[in-house]
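# Observations on the three-dimensional arrangement
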Amino acid sequence: MSEEAPQQPANPFAALGSSGAAFGGAGTGAFSFGAPTAAFGAPAKPAEGEDGADDGDEGGAAAEEECQAEFKPVVQLEEVETKSGEEDEDALVELKCKLYRFDNDNQEWKERGLGLIKLLQHKENKKVRLLMRQEKTLKIRANHIVMPGTKLQEHSGSDKAWVWSAVDFADETQKIELFAVRFGSVEKAQEFKKKFEESMDINAVLLGDVSALPKADESAGGAAAEKEAEELAKEVSEKVTTEEAA
């Protein structure tokens, strides 16, 4: 008796898929042509809506950009307290001006600098001195006691400038100087004059008489030199330039 040939199933694709779903169906184990698959070794893609899906990358980038290095200076400098010498004084007036000094050798005015001119009264002995510092450098350009009897002369042709002579100590040696000061306005010039004259009155009372003041002959020939300086002030006041103080 000959063997019968095995019968073929009516549907050859029926065996595909455990649930018997048709080719391309959505059943379990079904094969979907063209569906994207993750590359070999690639991390699994987080589901939509999961927290932290993008925060991890941004946080990592920010951590990489933040520098944690610390740099210390090679030399440590300590704060040093500086004194101007004006700590024990009160300013009666403080004005911006341009200061000139008359050069006897060359018979001409020389600019001393632009800055603040002050009348300072000592808190204890109440004496008043004049102090002028050049701006930025703060170098002293005039430093003398306001002498009773000083003649503050107006520069002819300008009501913003004054000329006077004094025994000055700006260069740390006493010597008679002829100064000219120019202000930016008439009001400032008049304010300076008023305070200067008040300072002379204050010192006159405190000192009793002019003999208590520094002697002119200690530096430049005594009373004769002082008189000569006063006469010179009259002559050269007309030579003061008309340039305005900035």
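Look a little higher up for the structure.
Throughout what follows, the structure given in this document is the object of discussion. (Residues numbered from 1 in each chain as written. Predicted model: local features only at pLDDT ≥ 70, side-chain atom pairs only at ≥ 80, totals over all residues. Heavy atoms only, no water.)

### So, the overall build of the chain
Helix and strand counts for the chain stand at 3 helices and 7 strands. Along the chain, from the amino end to the carboxyl end, the secondary structure elements read α-β-β-β-β-β-β-β-α-α. Residues classed as buried in the chain amount to 31% of the 246 residues present. Counting only carbon and sulfur atoms, one obtains 50% of the accessible surface of the chain, whose full area is about 17,200 Å². (Helix = DSSP H or I, 4+ residues; strand = E, 2+ residues; numbered from the N terminus. Buried < 20%, exposed > 50% of the residue type's maximum accessible area, 1.4 Å probe, protein only. Areas by Shrake-Rupley, 256 points an atom, 1.4 Å probe, with all protein chains shown as cover.)

### Re the packing of aromatic side chains
Each pair of aromatic rings is reported with the distance of its centres and the angle of its planes. With the rule as written, the count across this model stands at 6 aromatic pairs. Plain terms: the ring middles of Phe183 and Phe192 are 5.2 Å apart, the flat faces sit at 45° to each other, and that makes the pair tilted. Side by side, Phe183 and Phe192 carry an identical accessibility label, which is buried. Seen from their ring centres, Phe192 and Phe196 are 5.7 Å apart, and the 45° between their planes marks the pair as tilted. Residue Phe192 and its partner Phe196 are located together in helix 2 (residues 186–207), separated by 4 residues, close to a single helical turn. (Phe/Tyr/Trp six-rings, centres within 6.5 Å; stacked < 30°, edge-to-face > 60°.)

### Describing the nonpolar core
Grouped together as the largest cluster of nonpolar side chains are 22 residues, with contacts concentrated most on Ile117, Leu130, Trp164, Val181, Phe183, Phe192 and Phe196. Of all elements in the fold, only strand 1 (89–103), strand 2 (108–122), strand 3 (128–134), strand 6 (161–168), strand 7 (175–182) and helix 2 reach the threshold of two or more residues within this core. Not counting the four nearest positions on each side in its chain, Phe192 is found in contact with Leu95, Ile117, Leu130, Leu152, Trp162, Trp164, Val181 and Phe183. Grouped together as the second largest cluster of nonpolar side chains are 6 residues, Tyr100, Trp109, Val163 and Leu178 included. (Core = buried A, V, L, I, M, F, W, Y, C linked by side-chain atoms within 4.5 Å. Contact = heavy atoms within 4.5 Å.)

### Focus on the sheet that holds strand 5 (residues 153–154)
The 7 strands lie next to each other as 4-3-2-1-7-6-5, forming an open sheet whose pairing is antiparallel. Both outer strands of the open sheet, strand 4 (140–145) and strand 5, are each paired with one neighbouring strand and no more. Bridge count for strand 3 against strand 4 is 5 bridges, and the pairing is antiparallel. Across the sheet, residue Arg129 finds its bridge partner in strand 4, namely Ile145. This element, helix 2, spans strand 1, strand 2, strand 3, strand 4, strand 6 and strand 7 of the sheet and lies at about 105° to strand 1. (Pairing = 2+ DSSP bridges. Axes fitted to C-alpha atoms, helices over the stretch in contact; angles between N-to-C directions.)

### A closer look at the pattern of salt bridges
Considering all chains together, one arrives at 9 salt bridges under this definition. Put simply, Arg112 and Asp171 hold a salt bridge, and the shortest N to O gap is 3.9 Å. With Arg112 in strand 2 and Asp171 in the loop between strand 6 and strand 7, this residue pair connects regions lying 59 residues apart in the sequence. In this structure, Asp171 and Lys175 form a salt bridge, with 3.5 Å as the shortest nitrogen-oxygen distance. By relative accessible area, Asp171 is classed as partly exposed at 40%. In the salt-bridge network here, residues are joined through shared partners; they are Arg101, Arg112, Asp171, Lys175 and Glu177. (Salt bridge = Lys/Arg side-chain N within 4 Å of Asp/Glu carboxyl O.)

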